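What the coordinates show
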Amino acid sequence: MEAFQNRFYLNFIKDDRWQYIWDGLGVTLKVTFFAVLLGILLGFLVAVVRSTNEKTGKLKFLNFLAKVYLTVIRGTPVVVQLLIIYFVIFGSVKIDKVFVAVLAFGLNSGAYVAEIFRSGIMSIDNGQFEAGRSLGFNYVQTMYHIIMPQAFKNVLPALGNEFIVLLKETSVSGYIAMQDLTKGGDIIRSQTYDAFMPLLAVAAIYLVMVMIFTKLVGILERRLRSSDH
Amino acid sequence: MTINGRTLIKVENLYKTYDDFHALAGISEEICEGEVVVVVGPSGSGKSTFLRSLNLLEVPTEGKIYFDGTDITDQRVDINKHRQKMGMVFQHFNLFPHKTIMQNITLAPIKLLKKGKAEAEEEAMRLLRQVGLEAKADAYPSQLSGGQKQRIAIVRSLAMQPEVMLFDEPTSALDPEMVGEVLELMKRLAHDGMTMVVVTHEMGFAKEVATRVMFMDAGRIKEQGIPEEFFNNPKDERLREFLSKIL
């Protein structure tokens, strides 16, 4: 027991080492939050382009660009994308690592979110679309008032899952030496030569965050399901 | 019932072609204000395609459609404006499942006719009372029976104060005991002078309510006339065969 206390003291209390974890947690949350926003925005736009093209045959060029984006992003590892953005695209300029991480993870997530949204839009019966159009709504109004609210409800579980993946995926940010939660734990390990405590602490924090987030998504799902009786 | 003659919908030489299949093979027709036109025919005869092309849910390959004197097949025409005046009722109701009955009815009047919420809801309640479903205003579509859903779908179209109502097999997806309540409402609409085009298999409705019955086969209108003529003295060979099978 005393050995445990000593290790706890060494890893977290001595030299205020807990701050590596605390500050890292802040960075992880910040990157995840803004990457989720960017991912939703990008994913939404790409999904609208793709499904509009599928439904009407319009937006051919934008659809082509969207397909290239999806193919490249989904075809390469996120770590490689992160490295390319940091060392190649912004290689010659001094740039905030958090910004780079948000950009990389947001761009990456956007591709997956786009396909989730698109599947949601395409899952809505075409009769809903026709009913909207027959009342006199134009394409955009029909999408906004009738299709999107239903599609969003259908894809919420998949969307929640994507954000859980994103939150955990940010742990590779150490590759560009950004001090996120994982890197924070790893720095402690390198100072104390104790792998067990800091890494388990880091794992536990991720787990708790994912559990809280899963709970929140569940509540939102239940509220949106109020029309299914 | 008297027909007062003003042409509401005029169709000229309408074709709809899929690859080498003619869903519509040259239809020219006029529908006047106050008419109740019932379209019958075997499945695949093009009757639904014909109906759905009247508000351009189906875009014809060739031909013109005039609504209220405007050529709505013209690309420069804002079809959405004209669709507001052409109510449509679908076989599968297509109520919006994420909205209450009240929201289903008032959505288009509020967003498109720019009515105030209170005014739109008052009008909706008036219509709901007419169909005896005012108690369902706050319910969701999934809580309604098929017959109730279709009556709400009709009310939703009526809330836009259309000049014509298009019915695409409105009772085909209903349990038999619910067909009556929907036909009853349609009869009342016809009685109130609504111009209607109805694709249906309900021959009783055609006999009783139609001012004109049309028989379609292979993308063409083969025969049409007032119900007595149509049912008692059919001339077209294919129509006789059709009637002998269903009556």
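In this text the structure is predicted, and so the values were computed from the model without any measurement.

Another aspect to go through is the interface of chain B and chain A. Contacts between the two partners involve 25 residues from chain B and, on the opposite side, 21 residues from chain A. Of the roughly 2000 Å² buried between chain B and chain A on both sides combined, carbon and sulfur atoms contribute 59%. Taken together, the connections running from chain B to chain A amount to 1 salt bridge. Between Arg-52 of chain B and Glu-130 of chain A there is a salt bridge; the shortest N-O distance is 2.6 Å. Summed over the shared surface of chain B and chain A, the number is 6 residue pairs in polar contact (both at pLDDT 80 or more). Elements represented by at least two residues in the side of chain B that touches chain A include exactly helix H2 (79–83), strand E6 (86–89), helix H3 (101–111) and helix H5 (146–158) of chain B.

Taking 1.5 Å of rise per residue, 39 residues should cover 57 Å, and helix H2 (residues 18–56) of chain A covers 56 Å from first to last C-alpha, within 8% of that figure. Looking one or two residues beyond H2 of chain A, the residue adopting positive phi is Gly-57 of chain A, at roughly 80°.

Attention now moves to the sheet that holds strand E8 (residues 195–199) of chain B. Residue and element names in this part refer to chain B. Ordered in space as E6-E7-E8-E3-E9-E10, the 6 strands form an open sheet in which the pairing is mixed. Strands at the two margins of the open sheet, each flanked by one partner only, are E6 and strand E10 (220–225). Across this sheet, the average inter-strand angle for adjacent strands is 20°, counted without regard to direction. Pairing geometry for strand E7 (residues 164–168) and E8, over 5 bridges, is parallel. Each residue of the ladder has a partner; that of Leu-166, found in E8, is Val-197. Strands in contact with helix H1 (residues 47–54) are strand E3 (36–40), E6, E7, E8 and strand E9 (212–217); relative to E7, the strand with the most contacts, it is inclined by about 150°. Those strands touched by helix H6 (residues 176–191) are E3, E7 and E8, and its axis lies near 145° from that of E8.

The next point concerns the pairing of E7 of chain B. All names here are of chain B. With 5 of 5 residues buried, E7 lies mostly within the body of the structure. Side chains Val-164, Leu-166 and Asp-168 of E7 all project onto a buried face; the interleaved residues Met-165 and Phe-167 project onto the opposite face, where all are buried too. As judged from the 4 bridges shared by E6 and E7, these two strands associate in the parallel manner. Opposite Gly-87, over in E7, you have Met-165 as the bridge partner.

Residues and elements named next belong to chain B. Within the fold, Val-59 resides in the loop between H1 and strand E4 (62–67). Relative accessible area serves as the criterion here: at 53%, Val-59 is assigned to the exposed category. When the C-alpha positions of Val-59 and Glu-35 are compared, they lie 24 Å apart, and in sequence the two are 24 residues distant.

Residues and elements named next belong to chain A. Within the secondary structure, Trp-18 sits in helix H2. On the basis of relative accessibility, which here comes to 38%, the residue Trp-18 falls in the partly exposed class. Distance in space between the C-alpha atoms of Trp-18 and Gly-184 is 8.8 Å, their sequence separation being 166 residues.

Below, the discussion takes up the pattern of salt bridges. If you walk through the whole model with that rule in mind, you get 27 salt bridges over all chains. Two residues, Glu-115 of chain A and Arg-118 of chain A, come together in a salt bridge whose shortest N-O distance is 3.1 Å. With a gap of 3 residues between them, Glu-115 of chain A and Arg-118 of chain A both fall in helix H5 (residues 97–123), about one helical turn apart. Using a relative accessible area of 18% as the deciding quantity, one classes Arg-118 of chain A as buried. Residue Lys-187 of chain B pairs with Glu-184 of chain B through a salt bridge whose shortest N-O separation is 3.9 Å. On the criterion of helical spacing, the pair formed by Lys-187 of chain B and Glu-184 of chain B is a turn pair, its members being 3 residues apart in helix H6. The partly exposed category is assigned to Glu-184 of chain B, whose relative accessible area is 46%.

Residue and element names in this part refer to chain B. Among the structural elements, Gly-219 can be located in the loop between E9 and E10. Sequence spacing of Gly-219 and Leu-57 is 162 residues, and the spatial spacing of their C-alpha atoms is 17 Å. Apart from the residues within four sequence positions on either side, Gly-219 is in contact with Ala-23, Leu-24, Ala-25, Gly-26, Ile-27 and Ser-45.

What follows covers the sheet that holds strand E1 (residues 7–18) of chain B. All names here are of chain B. Pairing within the open sheet is antiparallel, and its 4 strands lie in the order E2-E1-E4-E5. With one partner strand each, in any of the chains shown, strand E2 (21–32) and strand E5 (70–71) form the two edges of the open sheet. Bridge analysis of E1 against E2 gives 9 bridges, and the strand direction is antiparallel. Paired with Lys-10 across the bridge in E2 is Glu-30. Along the sheet face, H1 touches E1, E2 and E4 and points at about 125° away from the line of E1.

Once that is clear, we can look at a positive patch on the surface. Taken together, the side chains of Lys-81, Lys-85, Lys-111 and Lys-114 of chain B present a region of like positive charge at the surface. For Lys-85 of chain B, the location among the structural elements is in the loop between H2 and E6.

Time to look at H5 of chain B. Compared with the 18 Å implied by 1.5 Å per residue over 13 residues, the 18 Å span of H5 of chain B between its first and last C-alpha is a close match. For H5 of chain B, every residue scored as buried is listed here: Gly-146, Gly-147, Gln-148, Gln-150, Arg-151, Ile-152, Ala-153, Ile-154, Val-155, Arg-156, Ser-157 and Leu-158 of chain B. Buried residues in H5 of chain B make contact with helix H6 (126–135) of chain A together with E6, H3, helix H4 (117–130), E7 and H6 of chain B.

About the thresholds
- Residues numbered from 1 in each chain as written.
- Chains lettered and ligands numbered in written order.
- Predicted model: local features only at pLDDT ≥ 70, side-chain atom pairs only at ≥ 80, totals over all residues.
- Heavy atoms only, no water.
- Contact = heavy atoms within 4.5 Å.
- Buried area = accessible area lost by both parts, 1.4 Å probe.
- Salt bridge = Lys/Arg side-chain N within 4 Å of Asp/Glu carboxyl O.
- Polar contact = N/O pair within 3.5 Å; in protein donor to acceptor, adjacent residues only side chain to side chain.
- Helix = DSSP H or I, 4+ residues; strand = E, 2+ residues; numbered from the N terminus.
- Expected span 1.5 Å × (residues − 1).
- Pairing = 2+ DSSP bridges.
- Axes fitted to C-alpha atoms, helices over the stretch in contact; angles between N-to-C directions.
- Buried < 20%, exposed > 50% of the residue type's maximum accessible area, 1.4 Å probe, protein only.
- Patch = residues over 30% accessible without salt bridge, like charges linked within 9 Å, V, L, I, M, F, W, Y side chains within 5 Å.
- Areas by Shrake-Rupley, 256 points an atom, 1.4 Å probe, with all protein chains shown as cover.
- Lys, Arg positive; Asp, Glu negative; His and termini not counted.
- Charge placed at Lys NZ, Arg CZ, Asp CG, Glu CD.

Note that every value here comes from positions in space, so none of it alone points to a role or purpose.
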